[in-house]
Structure formats: structure tokens, C-alpha cells
Amino acid sequence: MTSHWGILVSDPCLQNQFTQVELRSLKSQFMSMRRESGRLNIGDLASKMSRLRVVGENLSEEERVSYIHDLYQNSDQDVDFELFLKVYLKLQTFASSRTGNNNAKNSSAFLKVATTTLLHTISESEKASYVTHINNYLAEDEFLKKYLPLDPSTNDLFEIAKDGVLLCKLINVAVPTTIDERAINTKRLLNPWERNENHTLCLNSAKAIGCTVVNIGTQDLIEGRRHLVLGLISQIIKIQLLANLNLKKTPQLLELVDDSKDMEELMSLPPEKILLRWMNFHLKKTEYKKIVTNFSSDVKDAEAYAHLLNVLAPEYTNPLTLAVKNPFERAKLVLEHAEKMGCKRYLTARDIVEGSPNLNLAFVAHIFQIRWVLLETLDKVSPGIVNWKIANKPPIKMPFKKVENCNQVVKIGKQLKFSLVNIAGNDIVQGYKKLILAYLWQLMRCNILQLLKNLRFHSHGKEIIDADILQWANTKVRSSGSQSHIYSFKDKSLSDGIFFLELLSAVQPRAVNWGLITKGVTDQEKMMNATYIISIARKLGCSIFLLPEDITEVNQKMILTLTASIMYWFLKHPVVEERTSSDSESQVETTSNSTLDDSASDFSAEENL
């Protein structure tokens, strides 16, 4: 029985065992279980309740079946919500007594699977797995080792993430050299300004390596909002684990294809799909006849894992693994096999049988490591310019349909006044690299100039062109007292990075730590300055397209994008003279948050280029 005041149960003693929030969560789980088979009876509860925390984690299905049978002999008895609650409480008490925890009431609030977005429930198993990953990969870090290892049973992860250092370091583990670590504020006690800088650097760098950070702001990280912090960490670790799933880094993947058409298809697949194809490729060598299509329901019985590991590491095969009937016991044997191969423990047997997709993906990715993404972009840059009524949506199998789309791409490029001499839609379909790169460069430049055009009130209504950006940069550096001057965006003097460091210092005087700057004489010194420039720009909130090599080699086009990005940031966020230290910290905290929002929305095309 329900009411808009909450969920009611007729038994007062039962009602007092739960808060309304807990009852809503449990009611949602109960309704979901009943919808799966149309009805819910006593015989169903042992398996269905595996998804409830404490009960699912600490009792095997055999133990749940035996315990429920002792309480209710009629397995066909229908289960209503109140009976469901009674069984749940009794199982919880039994499970808690097994683990030495007699306070079952305190555990009832947390369900292992999220039941409502409002509760922001997190997976304790995922948290424990990511903590283990961090402990493994960052244990020797000079700054973090005094805080590690973290205890997965506590909230230490969210506390240490509040200053941004751990997240920045984790990004560099996933994609080395993404962040110049000299740009990370690593004092023992950080002020609000410094924390904001770290988190802005973290979020912009996370976006640069492929993470989705649209709904995450610096304040979320500072406050340690668990579901958002865990979601970001999950993405970073996933990128790390899937980094080698491409033909460039792992040429051996060619064994998965039979001809050039299959290879083209393979190259277009996301890493997760390549991983599934790799897994099925090896399963074909076994007696396992099913096709694994996901990292959840298809692997819950652990049979696919057992066959896969028997192929990859037959020396550790245990005949009992495929002989046992209980999936939970089989999963435990699978993990023992994997551990003998040297695989890290990303999940538990319970995570396998419950079909945790993130943890199962991480598990298979680590097994892989051990044994050996135009029209939408155009619409982002110039909203409304694409005629979606005539566009062919994927999957596109007929070649002429691809040509139709690419013909529209060329037509739109001409509308945007791109230089497209001798480029046709079929050239894009055929994958002519030089022509595609020329198009993408003009698209990227168009995006930045459109953003600057939105700010033309700063130039008295005049549209901003390349020469204006160059003049602005020289004027800004000169106004800071420097004598540095560049004559064009291909000026070879830019290779040492000093001009950009002076420009960044001019737009934000405290941005650059000059004690970390090299003279930029040798190639190594130039590269150190270049990586620092990119990290400092991201730290401010600039959206960056280029690589350190683009600076050291003075790539004219990419140098323009860097200068334009800094100019755009400055025109949006002019530095205000600080009156008091407290005022300045408050000002920066506000500015940092708005910076992230601006870069996430206005530079949205960056995610697709």
C-alpha cells in the first residue's frame, strides 16, 4: 500500500525497521524482481536477492536457498512486499552474524545496485576495485606514497581526491605525459585557489584523453561527491586498460580478421567491441558455442571465462572449473586461474555472477594485456548547418550512402568558405588522409574563430582574424614588461616555449612558476617547456588541441589554435586586481567553476576532433 506521504506497511514493527528512503529503494527492487517473471514466489527469492548488498555479498546462493527453505517450505507461495521485507531482514541478520556485524539495521540503507538517480548509490565493489588499481599503479609516486595504500572499506578515496593531485596523477598513468606534473599544486595544504586550479587542470586533461566530463564541475570534486568522483575514476581507468586495443599498438589483432574489408570494420570499432571480438575469437577454439555480446549477462555463469582462460593459459587449467554446477564456485575458480596468470584482482566472484559490466570489462581488458569515432562535428561547430533530413544515419553499409553524406560534408565546407580545391565526397569515403586532415584543420580553425567572433565587441564590432590574434599576443606580452616579439605563427623562436610562457604569465600573473622553466636550448629543454605550457593553459581553463611537438616544431596551424585559445580565455575572464587574499580566493573559486562550464559548452567540438 502506498501514499504520497511515503510507502506504508501494515506491520508497525516492520515499518520501524526502515526509513522511507530505504523503503522506496527496496520497493523499487521488489517491483523490478516481480516484473522480470510476472510474479514472485518464495522459490525465486534466493537468486533474486543476490543483488541486495550484505545478503548478496556474504551468502552464497546455496546458503540462501537452504535458509529460506527452513523458514518457508512452500516454494510456490506468492511473495508480497511485506513478506519480501521480512525475508530480507532475516537473511540480513543471518549474513551479518556470519561476518561478525550485528548491526544489520545500519546496512539496510545501501543496495548494491542503484535504484534511483536521486540517491546517487555507488557500487562498493567498483570502489574497492578502483582503490586496488590506484594502490597498485601509484604506490611509488613520491607525493602520494605517504597516503597509500588506501583502505577500500573506507571513504579515504574521496577524501584524498579533494585536492585534485591523485586524479591528475591517475590521468598520467592512463595516458602518460598528458599533464606536466610541475603544473600540479602539490603543497601539503592547498588554498581554495590552488585546489580549483588542480581540478580545472584535471577536468580539462580528462576531457583531452576522451573522458566525458559534461556534468562534473570543480566544486563536485572539491566536495568529494562520491558518485561523480567514482564515475570519473572509472572512465580514466577504462581508458588505461583499453589503450592497447588498436592495430597500431597491437598489430597481433590482425589475426581477428580474414580480409581487408574485415580489417576496415575492425579499425572502426570502439575498444570494447574489439575486446569482445578478441574474446570470441579465442572461444571459437573451444567447445563453447555461444557468442559473448556483453560484459554482463553473457558472462554471469563464468563458463565463457573458464573456456577462455583454458585456451590462453592451459598450464593452469583446473578440471573442476567446468565440472562444478554452481556459478559462484566456478567464478571463484576462474579468478584463481587468472591470478596464476598474473592478472590483477579487478573483481570478485560475486561481481561476475551479478554481471557487473564495468568490472567484467576491466577483468577481460587485463587478461588481454597480460596475453599479448563528420557530420555531427560540423553541426557542433555551426549548429543547424547540417540538413539531417537527407543525411544517412549509421550503420551505413551501402557505399553510395556514405558518399551522399560526405558530399554534404564538402558542400557545408564550401558554405563555411573552406579551401576545398579538388576535394569530393568520395575522397573522404576513400580515406585520403591528406585531404581529410586539410578539411579537419579548417574546421578546427573555423571553430576557434567563431568563438572569437562572439567576442568581437572587444574589437568594436570588427571580426577577429589571424593578424588580430598575432597583434593581441605581442601587445599582451609587451604590456607585461617583456621585450619578446613574434613576427608570425611560424616564427622559429617559438620553439623554446618562452613566448607562450610569457603570454600565459601576462594573462594570469600567478600562472607560471618561473623556477620550473628551462632556457629552452636543447630539444629536451624545449619539450619540457612545451609540456608545461599545455598543462598551464589547461589549468587556467583553456581548451587545447595541440601536442608538445606542435610547439617545439612550430606547427603554424596548431600554434594559431593555442594562441587563439589563450586569447579567448582572457577575453572571457579578464584578470581583476586582487584587493585582499580572501577576496582573491573567492574570486578565483568562482572564475574556475565558470571556466569549466564555458570550455565544456563553447569548445564542445573539441571532443569530436
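Please read all numbers here as calculations on a predicted model, not as lab measurements. Along each chain, residues carry numbers from 1 onward, in the same order as the chain's sequence is written. Only residues with pLDDT of at least 70 get local features here, since the model is predicted, and only at 80 or more are side-chain atom pairs given and counted; chain-wide, interface and lining totals rely on the full set of residues. In computing side-chain values, all of the structure's heavy atoms are included and hydrogens and water are not.

A. Region of interest: the packing of aromatic side chains. Stacked, tilted and edge-to-face pairs are distinguished by plane angle, under 30 degrees for stacked and over 60 for edge-to-face with tilted covering the rest, among Phe, Tyr and Trp rings (Trp via its six-membered ring) whose centres lie within 6.5 Å. All told, the structure shown has 9 aromatic pairs when counted by the stated rule. Ring centres of W278 and F368 lie 5.2 Å apart, and the angle between their planes is 90°; this geometry places the pair in the edge-to-face category. Note that W278 is positioned in helix 15 (residues 271-283) and F368 in helix 20 (residues 357-370), a separation of 90 residues in sequence. The two residues W278 and F368 agree in class, both being buried. Here a set of aromatic residues connected by ring pairs shows up, and it is made of F30, F81 and F84. We note K27 situated over the ring of F81; from NZ or CZ to the ring centre the distance is 5.0 Å. To sit over a ring, a charge needs its Lys NZ or Arg CZ within 6 Å of the ring centre and within 35 degrees of the ring normal. The ring centre of F143 lies 4.1 Å from the NZ or CZ of K146, which sits over that ring. Helix and strand assignments follow DSSP, with helices taken as H or I runs no shorter than four residues and strands as E runs no shorter than two, numbered in order from the N terminus. Think of it in three bands: with a 1.4 Å probe and only protein chains considered, a residue is buried below 20% of the maximum accessible area for its type, exposed above 50%, and partly exposed in between.

B. Region of the structure containing the packing of helix 15 against helix 16 (residues 303-312). The axes used here are C-alpha line fits, helices contributing only the stretch in contact, and every angle between their N-to-C directions lies in the interval 0 to 180 degrees. Viewed as axis vectors pointing N to C, helix 15 and helix 16 meet at an angle of 75°, and their least axial separation amounts to 9 Å. Relative to helix 16, the element helix 15 is oriented roughly perpendicular. Contacts between helix 15 and helix 16 involve W278, M279, H282 and L283 from the former and A304, Y305, H307, L308, V311 and L312 from the latter. Gly is placed with the polar residues, together with every amino acid not listed as nonpolar (Ala, Val, Leu, Ile, Met, Phe, Trp, Tyr, Cys and Pro) or charged (Asp, Glu, Lys and Arg). The residue makeup of the contact of helix 15 with helix 16, split by class, is 8 nonpolar, 2 polar and no charged. Oblique is the label for every angle not falling under 35 degrees (roughly parallel), over 145 degrees (roughly antiparallel), or within 65 to 115 degrees (roughly perpendicular). Between two residues, a contact is recorded if the distance between any of their heavy atoms is within 4.5 Å.

C. Main features of the packing of helix 8 (residues 124-137) against helix 20. At a minimum axis distance of 10 Å, the contact between helix 8 and helix 20 shows a crossing angle of 35°. Here S125, E126, S129, Y130 and Y137 of helix 8 come into contact with helix 20, specifically with N358, L359 and H366. The residue inventory of the contact of helix 8 with helix 20, partitioned by class, reads 3 nonpolar, 4 polar and 1 charged.

D. Local environment of unusual backbone geometry. The amide bond that connects L148 to the next residue, P149, takes the cis arrangement and shows omega of 5°. As for its position among the elements, P149 is in the loop between helix 8 and helix 9 (156-160). A positive phi is found at T177, a non-glycine position, where the angle reads about 70°. Classification of T177 as exposed rests on a relative accessible area of 64%.

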